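Survey of secondary and tertiary structure
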Amino acid sequence: MLINTSTFPEAEQRAILCVAFAIAHGSQFVSNVPVALANRKGRGVWEVRGLMRFIFITDFTLMVANSIAAAIYAVSGV
């Protein structure tokens, strides 16, 4: 999407898509926060380490990146 903007030519369309991606990644991150916090007390459903930690961090990073991209598209109209 960043390279080929002809798929979504309007900046508003790209902003909406980035918001949808941010919500998707954010919901994954937020739903895993209680599990990670419970892990600290030894009561987690699964351990947030290794690959799971990578996925956890990646969801947070992509949520933030998509939120920033949506804001840039919405404000600048690029």
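Provided above is the structure to which this section pertains.
Our subject in this report is the structure included herewith.

Conventions used here
- Residues numbered from 1 in each chain as written.
- Predicted model: local features only at pLDDT ≥ 70, side-chain atom pairs only at ≥ 80, totals over all residues.
- Heavy atoms only, no water.
- Helix = DSSP H or I, 4+ residues; strand = E, 2+ residues; numbered from the N terminus.
- Expected span 1.5 Å × (residues − 1).
- Buried < 20%, exposed > 50% of the residue type's maximum accessible area, 1.4 Å probe, protein only.
- Contact = heavy atoms within 4.5 Å.
- Axes fitted to C-alpha atoms, helices over the stretch in contact; angles between N-to-C directions.
- Parallel < 35°, antiparallel > 145°, perpendicular 65-115°, else oblique.
- Left-handed = near helix turned anticlockwise from the far one by under 90°.
- Nonpolar A, V, L, I, M, F, W, Y, C, P; charged D, E, K, R; others polar.
- Phe/Tyr/Trp six-rings, centres within 6.5 Å; stacked < 30°, edge-to-face > 60°.

A few words on the environment of proline 9. In this structure, proline 9 sits in the segment before α1 (11-40). Proline 9 sits 61 residues away from alanine 70 along the chain, and the two C-alpha atoms are 14 Å apart.

A few words on helix α2 (residues 51-76). Helix length check: α2 (26 residues) gives 37 Å between terminal C-alpha atoms against 38 Å at 1.5 Å per residue, within 8%. Within α2, the full set of buried residues consists of Phe56, Asp59, Met63, Asn66, Ala69, Ala70 and Tyr73. For α2, the secondary structure elements touched by its buried residues are α1. Immediately beyond the C-terminal end of α2, within one or two residues, lies glycine 77, with a positive phi of roughly 70°.

Moving on, we get to α1. For α1, with 30 residues, the first-to-last C-alpha span of 42 Å sits near the 44 Å given by 1.5 Å per residue. Of the surrounding secondary structure, the elements contacted by the buried residues of α1 are α2. Among the residues trailing α1, glycine 42 stands out with phi positive, at a value near 80°.

This paragraph deals with the packing of α1 against α2. At a closest axis distance of 7 Å, the pairing of α1 and α2 adopts a crossing angle of 150°. It follows from the interaxial angle that α1 and α2 lie roughly antiparallel. Crossing handedness for the pair α1 and α2: left-handed. Residue composition of the contact of α1 with α2, grouped by class: 18 nonpolar, six polar and two charged.

Moving on, we get to the packing of aromatic side chains. All chains considered together, the criterion is met by two aromatic pairs. Summarising the aromatic geometry, the rings of phenylalanine 29 and phenylalanine 56 are spaced 4.8 Å apart at their centres and angled 35° between planes, so their arrangement reads as tilted. Of this pair, phenylalanine 29 sits in helix α1 while phenylalanine 56 sits in helix α2, and the two are 27 residues apart along the sequence. Residue phenylalanine 29 shares its accessibility class with phenylalanine 56, and that shared class is buried. Aromatic side chains phenylalanine 29 and phenylalanine 60 sit 5.1 Å apart centroid to centroid with 50° between the ring planes, which places their arrangement in the tilted category. Of this pair, phenylalanine 29 sits in helix α1 while phenylalanine 60 is found in helix α2, placing the two residues 31 residues apart along the sequence. Ring pairs connect the aromatic residues Phe29, Phe56 and Phe60, which therefore count as one cluster.

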